[in-house]
Amino acid sequence: SQAELRVLAHRSQDPIMLDVYRTGRDLHDETMKQHGLSQRKIAKTTNFGWIYRQGWRTYQKVLLFKGKIRRSDADCKADLKKQDTIYSGAMSFFKASVRFAQEYGYTETVLGRRRHLPDINSKEYSLRSGSERMGFNVEIQGDVADMMKVMMIRCENEISEADLLLQVHDELVFECPIELVSEAMIKIKDIMENTFEMSIPFLADVQSGSSWGDAKK
C-alpha cells in the first residue's frame, strides 16, 4: 500500500523516496521514469514486489496475472536488480534489518512489538531467506498496522460525529449522518495525518458516499 511505501521512506531515509514524498510526487511515476518504463502498472508492481522482496519469478507471475503484462525473465531480473541501485538507501535499510535480526533474533515495530525469528541464522537457505523477509516486513507492514490501531483508538475517542465500522488494511470505514459528513471528514483526516511524527507527510485520502463502493470511486 501507499502507507507502506511512505513508512519505508521514513524508516530508510532513502534520498529519492524522501524527495518524492516531500515534493508531493508519486513514487510509482518516479520508478517508471527511473526505469524508463512506458507503463505505470509495471512500475507499481516493481515497487511492491521489491519492498516485499519477491523473487523475479513471483514478480513475473504477478505482472502476468494481475496486470496482464508479459515480461521476459531477463527484464524481470533487471527490474528488481535496478531497484536496489535506484533506491540504495532503502536497500541499505533492508540489509541493516537483516543484520539486526541475525544478531538479536528479532525485529520490532514502531511501538515495540517484536517478531522473533528463530531461523534467521539457519544454514538452510529457504528458512533463512524467509526469516529475512519476515523481519523487514514487520518493520514496514507492522509499523502501518501499529499506526492504524492508534489512529482507530483516537477516532473512536475523539470523533462523535461518526461511528467507526471497520478497518480494511490501511483504510477505515465510518458511518455518520449526512449533515455531519464534512465535519467528520476534517477530523478523520487530521487524526490520520498527524498522529505520528514522520520525516515526510503521511497523507490520507478521505472520501464519502452512500456506500463504501461509492466512496472508493
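Look above for the structure.
What counts and what doesn't
- Residues numbered from 1 in each chain as written.
- Predicted model: local features only at pLDDT ≥ 70, side-chain atom pairs only at ≥ 80, totals over all residues.
- Heavy atoms only, no water.
- Helix = DSSP H or I, 4+ residues; strand = E, 2+ residues; numbered from the N terminus.
- Buried < 20%, exposed > 50% of the residue type's maximum accessible area, 1.4 Å probe, protein only.
- Contact = heavy atoms within 4.5 Å.
- Areas by Shrake-Rupley, 256 points an atom, 1.4 Å probe, with all protein chains shown as cover.
- Lys, Arg positive; Asp, Glu negative; His and termini not counted.
- Charge placed at Lys NZ, Arg CZ, Asp CG, Glu CD.
- Salt bridge = Lys/Arg side-chain N within 4 Å of Asp/Glu carboxyl O.
- Phe/Tyr/Trp six-rings, centres within 6.5 Å; stacked < 30°, edge-to-face > 60°.
- Lys NZ or Arg CZ within 6 Å of the ring centre and 35° of its normal.
- Axes fitted to C-alpha atoms, helices over the stretch in contact; angles between N-to-C directions.
- Parallel < 35°, antiparallel > 145°, perpendicular 65-115°, else oblique.
- Left-handed = near helix turned anticlockwise from the far one by under 90°.
- Pairing = 2+ DSSP bridges.
- Expected span 1.5 Å × (residues − 1).
- Bend = angle between axes of the 7 residues up to and from the residue.

So, on to the overall build of the protein. Scanning the protein from terminus to terminus reveals 10 helices and 4 strands. Taking the principal axes of its C-alpha atoms as reference, the protein extends roughly 60 × 45 × 30 Å. The buried share of the protein, reckoned over its 217 residues, is 41%. Taking all contacts inside the protein whose residues are at least 6 apart in sequence as the whole, residues at least 24 apart take part in 55%. Summed over its atoms, the accessible surface of the protein is roughly 12300 Å², and 51% of this surface lies on carbon and sulfur atoms. One finds the centroid of the 32 positive side-chain charges in the protein at a distance of 10 Å from the centroid of its 32 negative side-chain charges.

The final tally for this structure, using the stated rule, is 15 salt bridges. Across the pair Arg 40 and Asp 26 runs a salt bridge whose closest N-O atoms are separated by 2.9 Å. With a gap of 14 residues between them, Arg 40 in helix α4 (residues 40-51) and Asp 26 in the loop between α2 (15-22) and α3 (27-35) connect regions that are remote in the sequence. With a relative accessible area of 34%, Arg 40 lands in the partly exposed category. Linked by salt bridges that have partners in common, Asp 19, Arg 25, Glu 30 and Lys 33 make up one network.

It is worth spelling out the packing of aromatic side chains at this point. Considering all chains together, one arrives at 8 aromatic pairs under this definition. Ring centres 6.3 Å apart and planes at 15° place the aromatic pair Phe 48 and Tyr 52 in the stacked group. Pairing Tyr 104 with Tyr 106 gives two aromatic rings, centres 6.4 Å apart and planes at 55°, and the pair type is tilted. Here the aromatic cluster, defined as three or more aromatic residues joined through ring pairs, consists of Trp 50, Tyr 87, Phe 93, Phe 94 and Phe 136. In this arrangement the basic side chain of Arg 114 is found over the ring face of Tyr 106, its NZ or CZ atom lying 4.1 Å from the centre.

The next subject is the packing of α4 against helix α5 (residues 56-67). The contact between α4 and α5 brings their axes to 10 Å, and the two run at 135°. Between α4 and α5, the interaxial angle falls into the category oblique. The two elements α4 and α5 meet at a crossing, and its hand is right-handed. Judged by residue contacts, Lys 41, Ile 42, Thr 45 and Thr 46 of α4 engage Tyr 59, Val 62, Leu 63 and Gly 67 from α5.

The topology assignment puts Ser 12 in helix α1 (residues 2-12). Dropping the residues within four chain positions of it, Ser 12 is found in contact with Gly 89, Ala 90 and Phe 93.

Residues in a regular strand point their side chains to alternate faces of the sheet. The sheet contact formed by strand β3 (residues 163-168) and strand β4 (residues 171-175) spans 5 bridges and is antiparallel. Paired with Leu 164 across the two strands is Phe 174, which belongs to β4. Here β3 folds back onto β4, and the loop between the two strands holds 2 residues, one of which, His 169, carries a positive phi near 55°.

Relative to the 50 Å expected for 34 residues at 1.5 Å per residue, helix α8 (residues 125-158) spans 48 Å between its end C-alpha atoms, a close match to the ideal helical length. Along α8, the sharpest kink reaches roughly 35°, centred on Val 138.

Let us now look at the environment of Leu 166. The residue Leu 166 is located in strand β3 in this model. Using a relative accessible area of 40% as the deciding quantity, one classes Leu 166 as partly exposed. Spatially, the C-alpha atom of Leu 166 lies 9.4 Å from that of Met 152, the residues being 14 residues apart in sequence. Ignoring anything within four residues of it in the chain, the contact list for Leu 166 reads Glu 171, Leu 172 and Val 173.

Any functional reading would require information beyond the geometric quantities listed.
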